[in-house]
Amino acid sequence: MADLTGIPTMNHLTTARIAPQVTRSHWLAPLAPRSRFSLRAAPQVLALAGAAFGVAPSEQACRAVVQGTRAALWLSPDEQLLLGLEADTASIQADLHAALGKAAYSLVDVSHRQTALEISGPNAADILNGASPLDLSLAAFPVGMCTRTLLDKADIILWRTQHDVFHIEVWRSFTDYVTGLLSVIAREYES
Amino acid sequence: MRPPASRLLAPRYSALSLLRARLSREYWQPLWRRSTPQEHYDVVVVGGGGHGLATAYHLARDHGIKRIAVLEKKVIGYGNVGRNTTIVRSNYLLPENHYFYEDSLRRYETLSHDLNYNVMYSPRGVVDLANSDDEMVGLARRGNAMRLAGIDAELMDRQGLMKYAPVLDPTLPRRYPIVGGLVQKRGGTVRHDAVAWGYARAAAALGVDIIEHCEVTGLQTTAGIATAVETTRGPIKADRIVFAVAGHTGHIGAMLGVPLPVETHLLQAMVTEPIKPLLHTVLIYMYGHSEVYMAQSDRGGLVMGGTLDGFPSFAREPLWHRLEEVVQSAVAMLPQVAGIKILRHWAGTNDQTMDGSPLIDRLRYENVFLNGGWCYGGFKAIPASGAACARLVASGRAPDLIKGFNLSRFATGHVLDEKGAGPFPVRQ
Amino acid sequence: MLLIQCPYCGPRPELEFAYGGQAHIARPLKPADLNDDEWAAFLYMRVNTKGVHAERWRHARGCNRFFNALRDTTTDHFLAVYKTGEARPALNTAGGHS
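Residues numbered from 1 in each chain as written. Chains lettered and ligands numbered in written order. Predicted model: local features only at pLDDT ≥ 70, side-chain atom pairs only at ≥ 80, totals over all residues. Heavy atoms only, no water.

Describe the overall build of chain A, with residues and values.
Across its full length, chain A holds 5 helices and 10 strands. Of all 191 residues assigned to chain A, the portion counted as buried reaches 43%. Within chain A, contacts between residues at least 6 apart in sequence are counted, and of these 61% link residues at least 24 apart. Put simply, chain A shows about 9700 Å² of open surface, and 57% of that area lies on carbon and sulfur atoms. (Helix = DSSP H or I, 4+ residues; strand = E, 2+ residues; numbered from the N terminus. Buried < 20%, exposed > 50% of the residue type's maximum accessible area, 1.4 Å probe, protein only. Contact = heavy atoms within 4.5 Å. Areas by Shrake-Rupley, 256 points an atom, 1.4 Å probe, with all protein chains shown as cover.)

This is the structure we're talking about:
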């Protein structure tokens, strides 16, 4: 094999967690790294995975289920985003592979693909609506609802965790764009 | 090629006619006479847009056909001939397209004289901007194909662009940078309404009946021959029938029982408030998956357009988010226009074909012809389309210039897929 | 902006959707058995209805599912949505737009 000394390996790249710098403010907070899995499978296989993961995935569309340190977010009838502690990444992966065995499924570790942000405060929904046409009233977008959507030009996953707290999953390279955009919008609400 | 003065029913425009009109105080004359449908015509042209009027004009002027009617559902100038962004160019890659559009551009160069009507042809140049070195390679390929066909094309790097279009600073940091461009200096703009009015006036002067508010609802046939069109103003007999109905081409197919490779999509355009002269050329800029093309009208407004709205529609209600994309692209290209207000915003119905190239061919019956499928390219094609379609209708044989635009190409595989996009009128 | 009813996610802004072409065009099981005209009809010919049009949409920036819709192309009103594989629903013609 050729001498690869000095060339960074994939392993080196993926373990270097260089998160984009997001400045914490009273309404915006970067969230700690965590493990993330994209799981795609038929509903009955998803249920099987839920038992191993410790969170029964929602059968209702656009809903997140939280159990302890873990969450399963409905993205599509056959797609869930699984969130857990960063330290559990390897064990989650091993447990799911063991439980699903020969079933048809796709489990991809996307921990490093995304970063997470939290938007909170009385103006959280208004700030998001500066770049999203979704109806974010509590009737249309209740606590526990999650969805993949567009924030201006960026694909995000939006999850209302509390009445005035939203969790955003955004692809790493779009983080600066999304935080910059939201910061511009938020100026309108600064007194 | 100019018609002899004796055949004109309306006076020729000249300095003398202007003076005479001023003295006689009879300046404001209708440009063409209003007609009521006759019982029978040699040729009935369905659709009073640019292509229908130009076809009728050439049938009368070049082929001596006497009894011609143009039937228009609404009024002359209501459709795409009055809704486009007035750009004319012939910078196409495929030979079938660039020879045809070059013929059209040459006719535009002399159209004001031919029609005796000022269509305000302005060869201000058309610049296709490139975002990357790869796109420069693509533009070089297109430019070389054009030059081999004797069409002017010039590839410019950033320095060349700065000299040619000082309004544009290609060195500004942009999400999609500008590294160069392909310029066709003979391209430019033509006043779109004037093209409709000029052809209508010249055709009427040659004896063509222009009949507005007359919608065709059906076709009468016997033994494989069409005999008449049914209209909202009664049946009109015709020896030959030409359909030039742009966005409504699809349901002409349905009316005749011929499936067509056409979908009707909305294309929108907009114009800003007038400003002092800023942009002396036409700029075309791809911005990610969106696009802007921009020219400044003689009144000073910046006329802009972008990509299709994205799904078939006849609603003529343009999408707001597409407007936003066009404006974003425009501001990325020329940041100095950011504060200007949009005055008007509208849409036209485009007959998008599955390969992006037009259709001029017989349609099911020996004496029925289709002139359509113009996609984005309708306005700049009008003079060539009218002349070539008239030859097809008069002689029964398609001239070489439009042989490639036949309907059978979709079965034989000789599609003219200028963009290499595959069988989709719109890509997302 | 149009609100489009995703059969999975409910009413969502048009921005999240991509048009997917005329619905109910079945890919020939044995393309080699088709003659040129039949293949051209499958690949290129479209109904282009002015009126109620059955078409495919994809919730591309949401659940990413294809589904079918009936839309009036003269008004852009969506009259019905249904899942891929389901038959085209009958419309209450007297009822007009939903």
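Can you explain a nonpolar patch on the surface? Please cite residues and give values.
All names here are of chain A. Judged by side-chain polarity, W171, F174 and Y177 come together as a nonpolar surface patch covering roughly 280 Å² of accessible area. Positionally, F174 belongs in the loop between β10 (165-171) and α5 (175-186). For F174, a relative accessible area of 32% gives the class partly exposed. (Patch = residues over 30% accessible without salt bridge, like charges linked within 9 Å, V, L, I, M, F, W, Y side chains within 5 Å. Salt bridge = Lys/Arg side-chain N within 4 Å of Asp/Glu carboxyl O.)

Run through the interface of chain B and chain C, naming residues and quoting values.
How big an interface is tends to be reported as the loss of accessible area on association of its parts. At the interface, 25 residues of chain B touch 25 residues of chain C. On inspection of chain B and its partner chain C, the count reaches 0 salt bridges. Inspection of the chain B/chain C interface yields 6 residue pairs in polar contact (both at pLDDT 80 or more). Contributions of two or more residues to the side of chain B that touches chain C are made by α8 (249-256), β12 (262-272), β15 (302-312), α9 (320-333) and α11 (409-412) of chain B. (Polar contact = N/O pair within 3.5 Å; in protein donor to acceptor, adjacent residues only side chain to side chain.)

I'd like a description of the sheet that holds strand β4 (residues 70-76) of chain A, backed by residues and values.
Strand-to-strand pairing in sheets goes through backbone hydrogen bonds, with the strands running parallel or antiparallel. Residues and elements named next belong to chain A. One open sheet holds the 5 strands; their spatial order is β3-β4-β5-β2-β6, and the pairing between them is antiparallel. Pairing within the sheet leaves two strands with one partner each, and these edge strands are β3 (64-67) and β6 (105-109). Ignoring strand direction, the axes of neighbouring strands in this sheet form an average angle of 20 degrees. Taken together, the 5 bridges between strand β2 (residues 34-41) and β6 define a ladder with antiparallel strand orientation. Bridge assignment links F37 to a residue of β6, and that residue is D109. (Pairing = 2+ DSSP bridges. Axes fitted to C-alpha atoms, helices over the stretch in contact; angles between N-to-C directions.)

Provide a residue-level description of the pairing of strand β11 (residues 236-243) of chain B, including the pertinent values.
Residue and element names in this part refer to chain B. Of the strand pairs in this sheet, strand β1 (residues 40-46) and β11 are connected by 6 bridges, and their pairing is parallel. Paired with V46 across the strands is F243, a residue of β11. Here strand β10 (residues 225-231) folds back onto β11, and the loop between the two strands holds 4 residues, one of which, G234, carries a positive phi near 95 degrees.

Quick one: what's the story with the nonpolar core, residue by residue and with numbers?
Judged by nonpolar contacts, the single largest core of 53 residues is most densely connected at Y199 and I210 of chain B. Sorting the residues of this core by element identifies β1, α2 (50-63), β2 (68-71), α3 (95-109), α4 (111-115), α7 (192-205) and α10 (378-395) of chain B as the ones contributing at least two each. Examining the composition of this core, we find that 9 residues originate from one element, α10 of chain B, more than from any other. Core analysis: the second largest hydrophobic core is formed by 39 residues, A125, L136 and L151 of chain A together with Y19 of chain C among them. (Core = buried A, V, L, I, M, F, W, Y, C linked by side-chain atoms within 4.5 Å.)

Please set out the environment of R61 of chain C residue by residue, giving values where relevant.
With respect to the helices and strands, the residue R61 of chain C is situated in the loop between β4 (52-58) and β5 (66-72). Sequence spacing of R61 of chain C and A87 of chain C is 26 residues, and the spatial spacing of their C-alpha atoms is 25 Å. Every residue in contact with R61 of chain C, bar those within four places of it in the chain, is listed here: R148, T149, L150 and D155 of chain A together with L15 and E16 of chain C.

Summarise the sheet that holds strand β5 (residues 154-157) of chain B; cite the residues concerned and give the values.
All names here are of chain B. Overall, mixed pairing links the 8 strands, which are arranged β5-β6-β4-β13-β14-β15-β12-β16 in an open sheet. Strands at the two margins of the open sheet, each flanked by one partner only, are β5 and β16 (342-353). This sheet shows a mean twist of 25 degrees between the axes of neighbouring strands, independent of strand direction. Across 5 bridges, the pairing between strand β13 (residues 282-287) and strand β14 (residues 290-296) is antiparallel. When the sheet's bridge partners are listed, I284 is paired in β14 with Y293. The sheet strands contacting α9 are β4 (126-130), β12, β13, β14, β15 and β16, and the helix crosses β14 at an angle near 65 degrees.

Talk me through the confidence of the model for chain C; I want residue IDs and the actual numbers.
Note that predicted coordinates carrying low pLDDT should not be read in detail. All names here are of chain C. With 94% of its residues at a pLDDT of at least 70, chain C reaches an overall mean of 92. Segment residues 94-98 is flagged for pLDDT under 50; beyond a separation of four residues in sequence, or across chains, it makes 7 contacts in the model. Predicted complex, confidence summary: ipTM 0.93, pTM 0.91. (pLDDT = per-residue confidence, 0-100.)

Hey, could you go over unusual backbone geometry for me, with residue numbers and the actual values?
Phi at D152 of chain A is positive, roughly 50 degrees, even though this residue is not glycine. Here D152 of chain A is to be found in the loop between β8 (146-151) and β9 (154-162).

Give me the packing of α3 of chain B against α10 of chain B: which residues, what numbers.
Residue and element names in this part refer to chain B. Between α3 and α10, the shortest axis-to-axis distance is 7 Å and the interhelical angle comes to 95 degrees. Classed by the angle they form, the pair α3 and α10 counts as roughly perpendicular. Within the contact between the two elements, α3 uses F100, Y101, D103, S104, R107 and Y108 and α10 uses F379, K380, A381, I382, P383, A384, S385 and A387. Within the contact of α3 with α10, the residues separate by chemical class into 9 nonpolar, 2 polar and 3 charged. (Parallel < 35°, antiparallel > 145°, perpendicular 65-115°, else oblique. Nonpolar A, V, L, I, M, F, W, Y, C, P; charged D, E, K, R; others polar.)

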